[in-house]
Amino acid sequence: MTARIGVVTFPGTLDDRDASRAVRLAGAEAVELFHADADLKDVDAVVLPGGFSYGDYLRAGAISRFAPIMDKVVDAANGGMPVLGICNGFQVLTEVHLLPGSMIKNEHLHFICRDQTLRVENAETSWTTEYQDGEEIVIPLKNQDGQYVADDYTLDQLEAEGRVAFRYVGWNPNGSRRDIAGITNERGNVVGLMPHPEHAVEAGFGPDSRESGRMGTDGLAFFTSAIKGLLATA
Amino acid sequence: MATILVHVMPKPEILDPQGKAVGAALPRLGFDGISQVRQGKRFELTVDGEVTDEVLANVRKAAETLLSNPVIEDVVQVKVVREGGCGCGGHGHGAGKAEKDLLA
């Protein structure tokens, strides 16, 4: 069996091609999904990629969440399907209330583009089982509306339930509360993060590693984690 | 025809980076004495026909559902301006009758 992972394209999505490429490099079939179709095409998992859907008008992700495909994504996520939201996809997941909190403009207002170190805080989600708890990874980060905010009650709850999936290490690039880079839902099947694992999946095209330039592939395990989980339950 | 204004502001406890940046720029330009700036959004919704309670309830629902995100923002005002104007005091976006009256 080959796992089928859907990648959603909204108007203004930028990283759908890279996300599909990451899915294929990890060993699954990438299935194109379109925002206007209320059809998940029998996929086993869904990636909401980065970009500026609807030009970030109103708020990032605010209009995309009402796209016909999102009703299906929400139903599937509530049924346990692995869903990964990257950057703008993370913003869509918070707007549609699959994940708590929200993203506001970076504290310093600058657009940031850099190779970012993260610590994997929860290696038991559908998208992180191929990592170790506490493992540090380097993947690209690029955003302007990346400051994760939530009220203290929600933040305490996330911490207590181990739902902070990733934390920024070394430098908090956007002022996110408690250095949070990504979170998961109670069940662990829905994960959202601001940095971009799909840009760090092939040697020669990834972030700089300690050993040599452009060789970082730390993002690939997001996708191999999901695939392994899907094949185990198939 | 009437215009309904909806004002949305970041919640008081949410840091407002844009307002902060504007606040920092003001004294640099010689505008002293302003201790804080918070930046929100103003929506002008034009509706055909009477603004009934039902229409207003519908707009309030839209304001809570799409125009604002309750996690980070509050809808601070929903206000009806009749006869095509928006009561803004005239900032050159197609002044209606009410707006002209205000300017007069």
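Residues numbered from 1 in each chain as written. Chains lettered and ligands numbered in written order. Predicted model: local features only at pLDDT ≥ 70, side-chain atom pairs only at ≥ 80, totals over all residues. Heavy atoms only, no water.

The name given to chain B in an unreviewed UniProt entry is Phosphoribosylformylglycinamidine synthase subunit PurS, with Demequina mangrovi as the source organism. Regarding chain B, the relevant UniProt record gives this comment under Sequence similarities (unreviewed entry): "Belongs to the PurS family." The UniProt entry for chain B carries this comment under Subunit (unreviewed entry): "Part of the FGAM synthase complex composed of 1 PurL, 1 PurQ and 2 PurS subunits." (UniProt positions renumbered as here; feature names shortened; annotations may be inferred.)

The name given to chain A in an unreviewed UniProt entry is Phosphoribosylformylglycinamidine synthase subunit PurQ, and the organism recorded there is Demequina mangrovi. UniProt, in its Subcellular location (unreviewed entry) section for chain A, records the words "Cytoplasm". One UniProt comment on chain A, placed under Pathway (unreviewed entry), says "Purine metabolism; IMP biosynthesis via de novo pathway; 5-amino-1-(5-phospho-D-ribosyl)imidazole from N(2)-formyl-N(1)-(5-phospho-D-ribosyl)glycinamide: step 1/2."

1. A few points about the sheet that holds strand β4 (residues 83–86) of chain A
All names here are of chain A. On the basis of which strands lie adjacent, the open sheet formed by 9 strands has the order β2-β1-β3-β4-β11-β10-β9-β6-β7 and mixed pairing. For this open sheet the edge positions go to β2 (29–34) and β7 (136–143), each flanked by a neighbour on one side alone. Pairwise comparison of adjacent strand axes, ignoring direction, gives a mean angle of 25° for this sheet. Note that strand β1 (residues 4–9) and strand β3 (residues 45–48) share 3 bridges and pair parallel. When the sheet's bridge partners are listed, I5 is paired in β3 with A45. Along the sheet face, helix α3 (residues 88–95) touches β3, β4, β10 (180–184) and β11 (190–193) and points at about 115° away from the line of β4. (Pairing = 2+ DSSP bridges. Helix = DSSP H or I, 4+ residues; strand = E, 2+ residues; numbered from the N terminus. Axes fitted to C-alpha atoms, helices over the stretch in contact; angles between N-to-C directions. Contact = heavy atoms within 4.5 Å.)

2. Examining unusual backbone geometry
All names here are of chain A. The backbone of K41 shows a phi angle near 50°, a positive value even though the residue is not glycine. By the element assignment, K41 lies in the loop between β2 and β3. K41 gets classed as partly exposed once you look at its relative accessible area, which sits at 37%. Residue C87 is not a glycine yet carries a positive backbone phi of 55°. Mapped onto the secondary structure, C87 falls in the loop between β4 and α3. Judged by relative accessible area, C87 falls into the buried class, the value being 7%. (Buried < 20%, exposed > 50% of the residue type's maximum accessible area, 1.4 Å probe, protein only.)

3. Some thoughts on the packing of aromatic side chains
Residues and elements named next belong to chain A. Tallied over the full model, the rule gives 4 aromatic pairs over all chains. Their ring planes at 75° and their centres at 5.7 Å tell us that Y131 and F222 sit as a pair that is edge-to-face. Of this pair, Y131 sits in the loop between β6 (112–120) and β7 while F222 is found in helix α5 (residues 220–233), placing the two residues 91 residues apart along the sequence. By the burial criterion, Y131 is buried, and F222 matches it. Each ring, one from F166 and one from F222, has its centre 5.2 Å from the other, and the planes form 20°; the classification is stacked. Of this pair, F166 sits in strand β9 (residues 164–168) while F222 sits in helix α5; the two residues are 56 residues apart in sequence, bridging distant segments of the chain. For F166, a relative accessible area of 0% corresponds to the buried category. With a relative accessible area of 0%, F222 lands in the buried category. (Phe/Tyr/Trp six-rings, centres within 6.5 Å; stacked < 30°, edge-to-face > 60°.)

4. Comments concerning the UniProt feature "active site" (unreviewed entry) in chain A
Residues and elements named next belong to chain A. When the UniProt feature table is mapped onto this chain numbering, "active site" (unreviewed entry) sits at C87, H196 and E198. The greatest C-alpha distance among the residues just named is 10.9 Å, despite their covering 112 residues of sequence, which places them together in space. For C87, the residues in contact, after removing those within four places along its chain, are G50, K142, N143, L193, M194 and H196. As for its position among the elements, H196 is in the loop between β11 and α5. Judged by relative accessible area, which is 0%, H196 ranks as buried. Setting aside chain neighbours within four positions, we find H196 in contact with D15, G50, I86, C87, I139, P140 and K142. In this structure the side chain of H196 is engaged in a polar contact, spanning 2.8 Å, whose partner is the side chain of E198. (Polar contact = N/O pair within 3.5 Å; in protein donor to acceptor, adjacent residues only side chain to side chain.)

5. Details of the nonpolar core
Judged by nonpolar contacts, the single largest core of 69 residues is most densely connected at V46(A) and F223(A). Sequence-distant contacts of F223(A), defined by excluding residues within four places in its chain, comprise A22(A), V23(A), A26(A), V47(A), L84(A), W127(A), P197(A), E198(A) and V201(A). V47(B), V51(B), A63(B) and L67(B) belong to the second-largest nonpolar core, a separate cluster that totals 11 residues. (Core = buried A, V, L, I, M, F, W, Y, C linked by side-chain atoms within 4.5 Å.)

6. Focus on the pattern of salt bridges
Residues and elements named next belong to chain A. Under the criterion given, the structure shown has 17 salt bridges over all chains. With a closest N to O distance of 2.5 Å, R21 and E202 form a salt bridge. In this pair, R21 sits in helix α1 (residues 16–25) while E202 sits in the loop between β11 and α5, placing the two residues 181 residues apart along the sequence. R21 sits in the partly exposed class, given a relative accessible area of 25%. With a closest N to O distance of 2.9 Å, D156 and R178 form a salt bridge. Placement of D156 in helix α4 (residues 152–160) and of R178 in the loop between β9 and β10 is noted, with a sequence separation of 22 residues between them. The partly exposed category is assigned to D156, whose relative accessible area is 42%. What emerges from the salt-bridge pattern is a single network uniting R119, E121, D152, D156, E159, R167 and R178. (Salt bridge = Lys/Arg side-chain N within 4 Å of Asp/Glu carboxyl O.)

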